[in-house]
Amino acid sequence: LDLDGKNQRRLVAGVGSSILLDFHFREEGVYWADKHTGVIYKATLRGAHKQKLYSSDRHISGLAVDWIWNSVYWTSQEKGKIKRMDLNGKNERTLLRHLTQPSSVVVDPINRFLFWLSGGMTRSIQRSDATGQMKTTLIKIAEQLKALSIDREAKRLFWVQFGLQGESAIASCDYNGNALHFIDQSQSLGISVFLEHIYYTDAASRVIKQVNKYTGGEPLDVNIKRMAKPPTDIKVVHPLNQPQADSLSPFPGCDKQSGNCVNVCSNVAEQGVCQCSEGFALNKQGTYCEDVNECAHWNHGCSLGCENIPGSYFCTCPKGYALLPDRKTCQEIIPCEGNMTECGQGCLTTDEGYVCVCPEGSILQEDGQSCTGCSSADTGGCSQLCTPVTPSRWQCGCLSGYQLHQDGKRCIATGPPPYLLVANLVDVRRINPDGTEDQTLVEEPRGTIIALDYDPVQNNVYFASTSRKTIERIDLNGGSRDIVVSEDLNSPEGLAIDWVHRRMYWTDKSQSAIDCSTLVGLNRETIVSKGLEKPRGIAVHPLAKKLFWTDIGAQPVVESASLEGKARSVIASTNLVSPSGLAIDFTEDRLFWCDQQRGLVETAALDGSDRRILLENQVGRPFDLAVFEDSLWISDREHQQLRSVHKRTGNKLQHIHGNMVQPASIVVVHPLAKPGADVCLHLNGGCPQVCESKLGFAHCSCLSQYILSADGKSCLPADATNGTAESGDNESPDLTTLKGTEPALFTDKMVSDQNECYSLRCDVNAQCLLHSGSPTCSCLEGFIGDGQLCVGEGLNCGFEEFVNFENGKSFGLLKVTNHFSPFVLDIDECQLGTHNCKKNTECQNTLGKYLCKCQAGYQSNGQTCQALLTVTTRHHNSNSVESCPSTHESYCLYEGVCFYFPEMESYACNCVSGYMGERCQFSDLEWWELQQAEEEKRRNVVIAACMVVLISLLSIAACVTYCYGTQKKSIYMGFIKIIIENHSPNKILGMCCYVYPHTQYVTVCAGVCTAVMVYNISCLVFSLLDTGNTGQHR
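Reading the values: rules and limits
Residues numbered from 1 in each chain as written. Predicted model: local features only at pLDDT ≥ 70, side-chain atom pairs only at ≥ 80, totals over all residues. Heavy atoms only, no water. Helix = DSSP H or I, 4+ residues; strand = E, 2+ residues; numbered from the N terminus. UniProt positions renumbered as here; feature names shortened; annotations may be inferred. Pairing = 2+ DSSP bridges. Axes fitted to C-alpha atoms, helices over the stretch in contact; angles between N-to-C directions. Phe/Tyr/Trp six-rings, centres within 6.5 Å; stacked < 30°, edge-to-face > 60°. Buried < 20%, exposed > 50% of the residue type's maximum accessible area, 1.4 Å probe, protein only. Lys NZ or Arg CZ within 6 Å of the ring centre and 35° of its normal. Disulfide = S-S within 2.5 Å. Core = buried A, V, L, I, M, F, W, Y, C linked by side-chain atoms within 4.5 Å. Contact = heavy atoms within 4.5 Å. Patch = residues over 30% accessible without salt bridge, like charges linked within 9 Å, V, L, I, M, F, W, Y side chains within 5 Å. Areas by Shrake-Rupley, 256 points an atom, 1.4 Å probe, with all protein chains shown as cover. Salt bridge = Lys/Arg side-chain N within 4 Å of Asp/Glu carboxyl O. Lys, Arg positive; Asp, Glu negative; His and termini not counted. Polar contact = N/O pair within 3.5 Å; in protein donor to acceptor, adjacent residues only side chain to side chain.

A. Spatial organisation of the environment of L716. Structurally, L716 is set in strand 62 (residues 715–717). It is 8.5 Å that separates the C-alpha atoms of L716 and C702, two residues lying 14 residues apart in sequence.

Now the structure itself:
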């Protein structure tokens, strides 16, 4: 079938209804396999005669033709194998075994890669080289995977994935499993990529469809006439889909990964000579090199055991024995004697004397006592990962985000170059790791800045001043300083930012406490105070949920606890005088601290084990530390300078920067310096639509039917026509038409699970799962909540304990302690009805607070919600509203849509979900905080006014009372006490008589009292007012 749907004809008949397909363009051959019978056939396009190549493997699940090295590859799903053979059906052999339901194998002969789908409980896409070596998993996907295809020009893989309800999507990634991209699509069983299009089979409509591989969109039918049977597999035949390699190796036809072959023939019919490297030998046909199993030939020379590896071998020994320096002879391990006390694994006896035994995976160094290798303290000289190849050889590797240096040992962080932030008592400086380019970020001539840290999500620097008794923050890119905490601070000398759980911790030496709060200073709480004397340095490990600090009191100690201050544990308590600074190496999970009085730098594991001295008497008075890559930076307050040293060996001590007043805290700024940061939390990572945080970087992408602009700052409609986007039903809706609602930035139907998950906006600590065809947010392990809000178990910093039960249901901030761990839920003010959202707003609950969002048809001006005007554009033949000119493209912030009202000569913005304000300048949280601030301001004004009125009234009352009192006469108090003895001497009868002037009334009270209480009888005292006469008062 031609690509335009014409010239359809039958090539081979009677092949069955369940086959796999591939072709060889240069030979004009087509290859197919019957999945049920396990027979592989071949036919030429010039003739319909078919040839059986292979017929001994049932349930074939994938077929691929290597047109350069002339091989056929196939997968066996039930046996878990990948096999290969020559194009003539000979030399069949197994490349890979013990795979999990492999299927849909594809090959890139130029780059010598095999790719296939892996089934089972965890579906994935895997890769190996053409010889079956270097197997790796590229990507793991929860959905069912089918129909893998390859774009060899773009070096990308395309596949079809099915959800639980049968919905499907076409997805793609690069050869390393990165740059994931989704395209919404209907049911398809086979796909093939050619140039910028994807061709796929649609079993339901029995047609071949074509769709753009970049943007997706509405598919086009290639064949107008329905096929007689549902199509299964499909391949686009063109020389671009099977390109010939320009030069596969320094010698024509050489396979780099099989040995140093000279003029090796890729075709058996041609002549040539192949020379293999040591450890390899030519196969019988002389077309490629095979590994020689030296252990099977008994020519290895090992005294006891032998293990073969590709191209070589190594000798092994049983338990209790070790290899001599010749690496072949095994000898029994004996206890060491004499000066061999440093040997921890025992010794061996040689002609030269005793030698140390190294652990498996390490070798003895030239000194005869120390070992090097993956199992030794120096990890074989590798910065991060060390993989043993043989007992005497290993290979270094790096973690994600790092690249291996040319020396094969060091790991260098990718991305922008790192730099240091240093608290210098009177300022905060930005300095390169080598001490160059000194730049001042904050100046505080009267301040005493000792502690600092930074938040990689919002790019803010937090610093504490002991003289001003404040904690402030400032943007790394410049801006105004904001005071975060200013109350009840005495001596904040340590500061740590939890960039994952969005908390701030600090030590206060004068108050002997460790406090925490949110990053804006709210919900403050003291989490550690008992047993503290003078806490100074502090560091947080959000991924391990650990807090570390030093105490320089009478009993100096380095301690740790959970993030809520519980489960305290002593890291180090001996041989300490004044432990000050702390630093965490997140790549190795090790803790570093320094002792200011002893001039000591030590390191240990996070639980305090494996404690070692790194530096001693080489740094004057170390105050703080910072670690990144292979370097450790130290602030020396005695010499007012910064120093650097190798973090593992303590060697290469360098002076990198001087001319400082008094260097204190140090932090390293780099996306990898604080792993686990979700940069998409702040302003969506700067992305216009979809943001994905990977290794501290924001990766932007667009929703279906949109493409990312060249600058990466906006998403454009895929098929832009007069500013509108083509929809699925061939209509062109104007995306800027409001009609009383917010603009539809999301398509009505998104088959791709990732697109649906994006619209849910799951919490950063949640994942999106598909249940019954609908995506839901589910909190990750260690977090609890409803998925859109997930709180770490046990993190109660800044929360109150509150339980409210209503009709058997619990609401609000609920703290429950069980046998496992305490956990905290947020108060839902919206559900409880305790919010104060005003008219035309709706309540939306958030962590620890709530937001008042404008209802549909209303827009915020920063204070209230006002009704939106029904707006139309010139596309609908209305002159009342126009699109903004190019000069006002940036008038509306955060992807808001700008409109111009000619009659009023004014501009307006229609904000996307999550933003509001005249120019969409406020996020929901910022707008809510602004409203709360205004409400607080009004409340304070009312309280102040009431106080003024109250004080005025009291003053007036005091004046009136004083003036009225000057007219009073003396007060006469008359008591007539009549004591009459009753039957008992301890009893009296008391009587009080009150005489009221100008009246004829006399009030008498009497009672029986004890003699002791006679003077405490409570009688009313009445002031007799002077009437101006000198009458008798009684």
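B. Fine view of the UniProt feature "transmembrane region" (unreviewed entry) in the chain. Residues given the UniProt feature "transmembrane region" (unreviewed entry) here are residues 941–964 and 1001–1025. Measuring from the first to the last C-alpha atom of residues 941–964 gives 35 Å, for a span that is 100% helix and 0% strand.

C. A look at the sheet that holds strand 5 (residues 60–66). Across the sheet, 4 strands lie side by side as 5-6-7-8; this open sheet has antiparallel pairing. Single-partner strands in this sheet number two, and they are strand 5 and strand 8 (93–96). Averaged over all pairs of adjacent strands, the angle between strand axes in this sheet comes to 25 degrees, irrespective of strand direction. With 3 bridges joining them, strand 7 (residues 81–86) and strand 8 adopt antiparallel strand pairing. Bridging from a neighbouring strand, K83 pairs with T94 of strand 8.

D. Fine view of the packing of aromatic side chains. Enumeration over the complete set of coordinates arrives at 7 aromatic pairs. Summarising the aromatic geometry, the rings of F113 and Y175 are spaced 6.2 Å apart at their centres and angled 90 degrees between planes, so their arrangement reads as edge-to-face. Of this pair, F113 sits in strand 10 (residues 113–118) while Y175 sits in the loop between strand 15 (168–174) and strand 16 (181–185); the two residues are 62 residues apart in sequence, bridging distant segments of the chain. Residues F113 and Y175 agree in their burial class; the two are buried. Their ring planes at 45 degrees and their centres at 6.5 Å tell us that Y402 and F628 sit as a pair that is tilted. With Y402 in strand 33 (residues 402–404) and F628 in strand 54 (residues 622–628), this residue pair connects regions lying 226 residues apart in the sequence. An identical accessibility class is assigned to Y402 and F628; each is buried. Here the aromatic residues F113, F115 and Y175 are joined through ring pairs into a cluster of three or more. One cation-aromatic arrangement involves K146 over F162; the distance from NZ or CZ to the ring centre is 5.7 Å. The residue whose ring lies beneath R637 is F623, and the NZ or CZ to ring-centre distance is 4.3 Å.

E. Spatial organisation of the state of the cysteines. Taken as a whole and assessed by the stated rule, the structure comprises 12 disulfides. Across the disulfide from C398 sits C411; the S-S distance is 2.1 Å. As the torsion about the S-S bond is roughly -95 degrees, the C398-C411 disulfide counts as left-handed. Placement of the pair is C398 in the loop between strand 32 (393–397) and strand 33 and C411 in strand 34 (residues 411–413), with a sequence separation of 13 residues. Like C411, C398 is buried. Between the sulfur atoms of C702 and its disulfide partner C715 the distance amounts to 1.9 Å.

F. Structural context of the nonpolar core. One finds L420, L421, Y454, F628 and L642 to be the most contacted residues of the largest nonpolar core, which totals 34 residues. Broken down by secondary-structure element, the contributors of at least two residues to this core are strand 34, strand 35 (419–423), strand 36 (427–431), strand 38 (449–455), strand 39 (460–465), strand 54 and strand 58 (666–669). Tallying contributions element by element places strand 35 first for this core, with 5 residues. Setting aside chain neighbours within four positions, we find L642 in contact with L420, V422, I431, I634, S635, Q654, H655, I656, H657, M660, P663 and I666.

G. Up close: the pairing of strand 39. Extensive coverage of strand 39 is indicated by the burial of 6 of its 6 residues. Residues N460, Y462 and A464 point to one face of strand 39 and V461, F463 and S465 to the other, with burial holding for every one of them. The pairing of strand 38 with strand 39 spans 6 bridges and is antiparallel. Looking at the pairing, Y454 lines up with V461 of strand 39.

H. Spotlight on the sheet that holds strand 43 (residues 503–508). If you trace the 4 strands from one edge of the open sheet to the other, you get 42-43-44-45, paired in antiparallel fashion. Looking at strand neighbours, the two that pair on one side only are strand 42 (492–498) and strand 45 (525–528), the edges of this open sheet. Between one strand and the next, the sheet's axes are offset by a mean angle of 30 degrees, whatever the strand orientation. Pairing between strand 44 (residues 513–518) and strand 45: 3 bridges, direction antiparallel. When the sheet's bridge partners are listed, I514 is paired in strand 45 with V528.

I. Quick peek at a nonpolar patch on the surface. A cluster of nonpolar side chains, contributed by I943, M947, L950, I951 and L954, occupies part of the molecular surface with about 490 Å² of accessible area. Its location among the elements puts I943 in helix 4 (residues 924–965). Residue I943 is classed as partly exposed on the basis of its relative accessible area, which comes to 46%.

J. Broad picture of the side chain of D508. For D508, the position within the fold is in strand 43. Buried within the structure, D508 lacks any salt-bridge partner; R524 is the closest side chain of opposite charge, at an N-O distance of 5.5 Å. Within the structure, D508 has its side chain in polar contact with the backbone nitrogen of S510 (distance 3.3 Å). Setting aside residues no more than four positions away along its own chain, D508 makes contact with D488, L489, N490, S491, A513 and P535.

K. Here's a closer look at the pairing of strand 36. In terms of burial, strand 36 is a largely internal element, 4 of the 5 residues being buried. The sheet contact formed by strand 35 and strand 36 spans 4 bridges and is antiparallel. Considered in strand 36, the bridge of V422 is made with R429. Linking two consecutive strands that pair antiparallel, namely strand 35 and strand 36, is a turn of 3 residues; a positive phi of about 65 degrees is found at L425 within it. Across 4 bridges, the pairing between strand 36 and strand 37 (residues 439–443) is antiparallel. What sits directly across from V428, in strand 37, is V442.

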